[in-house]
Amino acid sequence: MLGVLNFAHGSLFAVGALVATSVIGTVFPSIPVFIGAALVGAVVVGVLGLVVERTVVRRLYRGDHITMLLATFAILLIVEGASELLWGDSPATVNQPKVLSGNVHVLGAALPAYSILLVVIGAVFAVGLFLLLNRSRFGRDIKAIAQDQVMGEAVGLNTKRVMFLVFGLGSALAGLAGVLIAPTVSVSANLGDSYILESFAVVIIGGLGSITGSLISSILVGVTEALAVAYFPFLSGFTFYILVAVVLLVRPRGLLGNARIGAAA
Amino acid sequence: MTSTLTVTGLSASYGLASALKSIDLRVEKGRCVGLLGRNGAGKTTLLKSIVADPEITVRGDVAIDGRSLRKLATYKVARLGVAWVPDTRRIFTRLTVAENLDIARRRGVASDQLERVLEAVPLVRGLLKRAGYELSGGEQQAVTIARALMSAPDFLLLDEPTEGLSPLIVEQLQASIARLPEIFDLGVVVAEQNFRFVTDLADEVHVLETGEMVWSGTPELLVSDPDLVDRHLSVGEK
Ligand SMILES: Nc1ncnc2c1ncn2[C@@H]1O[C@H](COP(=O)(O)OP(=O)(O)O)[C@@H](O)[C@H]1O
Ligand SMILES: [Mg+2]
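Position numbers for residues count from 1 along each chain, tracking the sequence in the order it is written. Lettering of chains starts at A and numbering of ligands starts at 1, both following the order in which they are written. This being a predicted model, a pLDDT of at least 70 is required before a residue's local features are given, and a value of 80 or more before pairs of side-chain atoms are given or counted; all residues contribute to the totals for chains, interfaces and linings. Derived side-chain values reflect all non-hydrogen atoms in the structure, with water molecules and hydrogen atoms excluded from consideration.

Turning our eyes to something else, we now look at the site of ligand 1. All names here are of chain B. Inspection of the region around ligand 1 gives Y14, A19, R38, N39, G40, A41, G42, K43, T44, T45 and E55 as its neighbouring residues. Pairing of N or O atoms within 3.5 Å defines a polar contact, subject to two protein rules: one partner must be a possible hydrogen donor and the other a possible acceptor, and residues neighboring in sequence count only if both atoms are side-chain atoms. With respect to ligand 1, the backbone of A41 contributes an N or O atom lying 3.2 Å from an oxygen atom. Contact between ligand 1 and K43: an oxygen atom at 2.8 Å from a side-chain N or O atom of the residue. Under the scheme used here, helices are H or I runs from DSSP no shorter than 4 residues and strands are E runs no shorter than 2 residues, and both carry numbers assigned from the N terminus. For the shell around ligand 1, the element with the highest residue contribution is helix α1 (residues 43-50), accounting for three residues. Throughout, the ten residues Ala, Val, Leu, Ile, Met, Phe, Trp, Tyr, Cys and Pro are labelled nonpolar, Asp, Glu, Lys and Arg are labelled charged, and all others, Gly among them, are labelled polar. When its residues are assigned to classes, the shell around ligand 1 shows three nonpolar, five polar and three charged. Consider each residue's heavy atoms; a residue with any of them within 4 Å of a molecule or strand counts as near.

Below is the structure:
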């Protein structure tokens, strides 16, 4: 949204999961403990994100995308290394709250309750972000700055502050996601690595800077992968590479990438 | 009470490319100062230097009532009362017109500012619900001026406001701008290639040529000196 392609979120995501291992330990958490872990994860990772923004990312907004990618990749390596020192390099597991470990029957299919919860939380946050962006002053400022930072400053917006807060918010959400995903995976410092490629694929297919594009693309990527797993198992894990290639061949800007700005300029 | 914007010995460059040399300028509240000059003379650069556009490196000083703006971030200059209408308008296309206006209203600006601005730039009233990307050139220009006024600025910098507008619209625009210094008690700087527009509006005119101020005086003096006009302003600027 603000021209930041960010690899570092992968490691921030992992820190969220690692925080969950510390807060929850090896027991089956109660719901309040689990929510507490989610909040701690969001706050710890949010603050970490603010530090990363202030020390590194802030200096690079004016640089090109490649510099930003390399720098955030370096941050990824540093945070992963530091996490390994703090949490060790053996994978840990986190239990989900017992009440959520059963299955729920939806239209005759048995689905894990926890997965359904993740989908619901994801939807809630998607709606929340949409409202933040389109119904709040903060969102209005973000949209203005995303289009024209200097003009934003010229109407009196402290754009550095807005970008700082956006980065912190994005990091906090990554931390929260890390906690939520922790019970479903084996948690280690490099947990983010496998997700980062997928999220990049989603963002690139959706079009840089377009949140709607990302939403559509995430569904597209998910459904394609699921179909591949069902019908062409040998393609599983490759579908998003294929999708990226196809979409970029047909629409180099991605599905919805900044088309409107370009048309109006 | 802020009353005077002063530019002293200002030189400006884009990286290594120098664009302005030792410019002096003084703008008082309630007055309109015109900047004339050919394409590339440095008008835009001068206005950008005043608003502290980060693209430009400046030497010399810009100050309001002795308070230097030189080292300030762009947004701080804006908050100290300098509003800018850039040559390409730069409407926030993803926001509505109402949001484009509201975004510029700073804390402390009276809540009736919107009403005052809509009275001064009436065209904008009917556009409030429209999206920024739906506007025609003339509408964009009106919205950008209205946006600049929303911060209740002490100084308003207009960069080629007539560019790309039809003669009829230019006439309306001129009438609107002429009233601004008095209604809002602000100083206006208007950079233009449109000779008539500036000489009609301004109390005082400066002519720029290749980054230097080559003439300053009243519009009457300038109009009465065809030689001067021929020398410094290209043909077709009558
Ligand atoms: N972004 C830029 N980078 C480098 N040089 C520039 C840039 N913008 C303008 N210039 C140069 O600065 C000089 C003054 O330009 P400008 O201030 O735009 O003139 P004007 O507004 O009077 O047409 C010109 O020589 C122009 O080529
Ligand atoms: Mg210009």
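This is not the end of the story, as more comes after the structure.
A separate point is a nonpolar patch on the surface. Residues and elements named next belong to chain A. Put simply, a patch holds well-exposed residues, over 30% relative accessible area, that have no salt bridge, with like charges counted together within 9 Å and Val, Leu, Ile, Met, Phe, Trp or Tyr side chains within 5 Å. Surface accessibility in these figures is a Shrake-Rupley result with a 1.4 Å probe; residues are shielded only by whichever protein chains are displayed. Salt bridges are counted wherever a side-chain nitrogen of Lys or Arg sits within 4 Å of a carboxyl oxygen of Asp or Glu. Residues L197, F238, Y241, I242, V246, L249 and V250 make up a contiguous nonpolar surface patch of roughly 740 Å² in combined accessible area. The leading source of residues in the nonpolar patch is helix α10 (residues 239-250), at five residues. Along the polypeptide, F238 turns up in the loop between α9 (211-231) and α10. The class of F238 is partly exposed, set by a relative accessible area of 48%. Think of it in three bands: with a 1.4 Å probe and only protein chains considered, a residue is buried below 20% of the maximum accessible area for its type, exposed above 50%, and partly exposed in between.

The interface of chain B with chain A comprises 22 residues on the first partner and 23 residues on the second. In this description, buried area is defined as the sum, over both parts, of the accessible area (probe of 1.4 Å) that is lost when the two are combined. Carbon and sulfur atoms supply 58% of the area buried between chain B and chain A, which totals about 2300 Å² over both sides. At the boundary of chain B and chain A, one finds three salt bridges. Scanning the region where chain B abuts chain A turns up nine residue pairs in polar contact (both at pLDDT 80 or more). Going through the elements one at a time, α2 (74-79) and α3 (97-102) of chain B are the ones with two or more residues in the side of chain B that touches chain A. Working rule for contacts: check all heavy atoms of both residues, and any pair within 4.5 Å makes them a contact.

This part is about the confidence of the model for chain B. Within chain B, residue pLDDT values average 94, and 97% of them lie at 70 or more. Two summary scores accompany this predicted model of the complex, namely pTM at 0.86 and ipTM at 0.94. Confidence scores per residue from the predictor, reported as pLDDT, run from 0 to 100.

With that settled, consider the packing of aromatic side chains. Residues and elements named next belong to chain A. Stacked, tilted and edge-to-face are the three classes assigned to paired rings of Phe, Tyr and Trp, where Trp is represented by its six-membered ring and a pair needs centres within 6.5 Å; plane angles under 30 degrees give stacked, over 60 edge-to-face, the rest tilted. Under the criterion given, the structure shown has four aromatic pairs over all chains. For the ring pair F34 and Y114, a centre distance of 6.1 Å and an interplane angle of 80° mean the geometry is edge-to-face. One end of the pair, F34, is in helix α2 (residues 31-55); the other, Y114, is in helix α4 (residues 113-135), and 80 residues separate them in sequence. The class of Y114 is buried, set by a relative accessible area of 2%. Aromatic pair F238 and Y241: ring centres 6.3 Å apart, planes at 50°, arrangement tilted. Taking relative accessible area as the criterion, Y241 reaches 43% and is therefore assigned partly exposed.

A few words on the sheet that holds strand β6 (residues 82-85) of chain B. Residue and element names in this part refer to chain B. Here, strands pair whenever DSSP counts at least two bridges between them. On the basis of which strands lie adjacent, the open sheet formed by six strands has the order β6-β7-β8-β3-β9-β10 and mixed pairing. Both outer strands of the open sheet, β6 and β10 (212-217), are each paired with one neighbouring strand and no more. Taken pair by pair, the neighbouring strands of this sheet meet at an average axis angle of 20°, ignoring direction. In the sheet, strand β3 (residues 32-36) pairs with strand β9 (residues 204-209) via four bridges, with the strands oriented parallel. Bridge pairing in β9 links V33 to E204. In this analysis, axes come from line fits to C-alpha atoms, helices being fitted only over the stretch in contact, and the angle between any two N-to-C directions falls in the range 0 to 180 degrees. Here helix α5 (residues 137-149) sits on the sheet and contacts β6 and β7 (155-159); the angle it forms with β6, its principal contact strand, is near 170°.

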